[in-house]
Amino acid sequence: MKNIAAFLLLFTLCTSAQTLYTPYDVQKAYKNGTRTSEGIPGSKYWQNHASYTMYVSLTPPDAQLQGQSQITYFNNSPDTLKEIVFRLYPNMYKLGAERDFSLSAEDLHPGVDFSSFKVRGKEQLTDENTSFRQSGTVLTVKLEEHLPPASSVNFEIAWNYPLPSKSNVRMGRYDSTSWFVAYWYPQIAVYDDVSGWDKIPYTGQKEYYNDFNDYTVTIDLPESFCAWATGELQNATDIMPDALLEKFTSAHTSETVINLITKEEGEKGYKMKGREGRVQWNFTAMNVPDFAFALSDHYLWDAVSVVVDSSTMRRALVNAAYKSTSKDYYEVADFSRTVISYFSHTLPGVPYPYPVMTVYNGQGGMEFPMMCNNGSTSRGGAFSLAAHEIAHTYFPFYMGINEKRYAWMDEGWAVMLPMDLVLEHFPDIDLRNRNAKGFNTVAGTEFEIPLYIPSQQTSGSAYRTHAYTRPGMAYYILRDALGKDNFDKALREYMKRWRGKHPLPNDFFYSFNNYLKEDISWFWNPWFFESGYAELFLKSAVQKKNDLTIIVEREGNLPVPVKLLITLEDGSTISKYETAAVWKTGLKEKKYTFKVSGKVESVLLGDVIIPDKVAENNFIKLSSAKK
Ligand SMILES: [Zn+2]
């Protein structure tokens, strides 16, 4: 027993050793007990929370959005807060605001206009306005009476601003009367245990970092409109005409796609059960990181349901809302159902956490909790785009990732999680190949930046490599190296530990190390902390009688798999594959020997799905085949 205890102690010390660079502020969190070097949230972990009750109205084609918000903000931190930081995302469209790209002049406006801003019932909009400090999308409100730990403060805000019509960044107008509305309401920023208030402004490129909040939202629209939103519709029976209501109800349990609004119905126009020509759509969503909504008076609407949890048989409703002219969207509800089922049962193998998902036919591809704003594309493109955006349900939403600093902690997963799924359904779309190519282009240039450097310091192609291609390949190669089963269990454990929290990079690395009882620094360091590229080199291939000796050199620092294809003169082939774990001990080259039964014609190293900076040094021709 004693020996076992000593062994366990030694073991614990070994696995909890901080083998990776850990910033001082993260070490402080370990000391404060909010986080641990085992990758488990600390006993004193906390995060703040808000509850939003909002009423918003829009009367298309007029773009003016009118809103009223009641917010209660709970301070669960051990600190007394002297100020509350708000985000005014629409101020990215403010004249003169800092932006990552140019916007159409006609979409620019003077910023969010407040007609009332009350703190604890007291109006703040005085001439001096000394409690406000506005800088771009960041509004800091000084509290006259500070907010101690374990207490709350409430705000009542009335606001308005015009939605954009031309420059649609993640949201906007997609035809004269169809809008996707996101990044849209005065929102309280995150105050966390490591960095305090998040004051990184929204300038267009950097996306999410949100707390988990409760939303009750009323969307007031003309009765000729439909609304789709984050959360569950609370008043379908009051507002939907009987025929639509019947189909909407059946879709919740239907295994096949139901056309809730057909092409003919869309063209004819809708009529909801309104009062004085208006309809109020009520949605609620609890414990989610954001709320988005969309509307149209002529989009088609398909819906289907999918079992997301086989232990409880819980289902989710999957909607597609789209233009009749969009060729790919007729299959999007069905594609999304396949995608959600795969994520729930296979990889990551975590039940889709929400009751609904709506894929809206807007532009580009952008994720929101329970919603995607996706453009029209090809058939395979629609599948792969839905898979990417729906994958974001897990990262950053389920996991509360700070994407502004660590975009690779969510985009990388949205790249990697659908790789096998997309290939299975569309064999001509190999995301591994695409990402390996994309990564090779930037890897080894000055624009390739170590992943540990915060995303907000990067832009352009450097950002794409940093957020998408490099981490996407890293996760895929690591899964191969650790074994799918081990990797998937470690991933689910990390997700279980940090669900609904805010994991940092070290929490992710140490959670994997701790769960697998293995120090994976040999992979974490080169792929996540260092600069560098993938480059294997076929140094030599020599045949002596029946013995073939091949030497593969690791010239780049990134561990990647070794794939060899030996072709003999008689046309037969021998192949050899080893995962990136072959480089685990720091080897710089590896010798392979093969017994061959005839003359070897050539040796080829690598594969299109394995990143490799220089392809030209991967082939050796030993002899010419007699034809
Ligand atoms: Zn993404």
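Rules used throughout
- Residues numbered from 1 in each chain as written.
- Predicted model: local features only at pLDDT ≥ 70, side-chain atom pairs only at ≥ 80, totals over all residues.
- Heavy atoms only, no water.
- Salt bridge = Lys/Arg side-chain N within 4 Å of Asp/Glu carboxyl O.
- Helix = DSSP H or I, 4+ residues; strand = E, 2+ residues; numbered from the N terminus.
- Buried < 20%, exposed > 50% of the residue type's maximum accessible area, 1.4 Å probe, protein only.
- Domains from an automatic or database assignment.
- Contact = heavy atoms within 4.5 Å.
- Buried area = accessible area lost by both parts, 1.4 Å probe.
- Polar contact = N/O pair within 3.5 Å; in protein donor to acceptor, adjacent residues only side chain to side chain.

1. Some words on the pattern of salt bridges
Next up, step 1: The final tally for this structure, using the stated rule, is 30 salt bridges.
Next up, step 2: Here Arg479 makes a salt bridge to Asp420, at a shortest N to O gap of 3.4 Å. With Arg479 in helix 12 (residues 460-482) and Asp420 in helix 10 (residues 419-425), the pair connects residues that are 59 residues apart, well separated along the chain.
Next up, step 3: The closest approach of N and O atoms between Glu578 and Lys590, which form a salt bridge, is 3.1 Å. In this pair, Glu578 is assigned in strand 28 (residues 573-578) and Lys590 in strand 29 (residues 589-595), connecting sequence segments 12 residues apart.
Next up, step 4: Of the residues examined, Lys590 reaches a relative accessible area of 22% and is grouped as partly exposed.
Next up, step 5: Because the salt bridges share partners, they merge into one network encompassing Asp420, Arg479, Lys484 and Asp488.

2. Regarding the domain arrangement of the protein chain
Next up, step 1: Domain assignment breaks the protein chain into domain 1 (1-32 + 401-409 + 427-469 + 483-531), domain 2 (49-400 + 410-424) and domain 3 (536-621).
Next up, step 2: With centres defined by C-alpha atoms, the gap from domain 1 to domain 3 works out at 29 Å.
Next up, step 3: Between domain 1 and domain 3, the residue contacts involve 16 residues of the former and 13 residues of the latter.
Next up, step 4: Together, the buried faces of domain 1 and domain 3 total about 1200 Å²; carbon and sulfur atoms form 63% of this surface.
Next up, step 5: For the domain 1 face of the interface with domain 3, the top three residues by lost area are Asn440, Trp522 and Trp527, together amounting to 45%.
Next up, step 6: Viewed at the interface, domain 3 and domain 1 are joined by 1 salt bridge.
Next up, step 7: The partner of Glu518 in a salt bridge is Lys584, with the nearest N and O atoms 3.5 Å apart.
Next up, step 8: Between the two partners, domain 1 and domain 3, sit 7 residue pairs in polar contact (both at pLDDT 80 or more).
Next up, step 9: Of all elements in the fold, only helix 11 (431-442) and helix 15 (521-529) reach the threshold of two or more residues within the side of domain 1 that touches domain 3.

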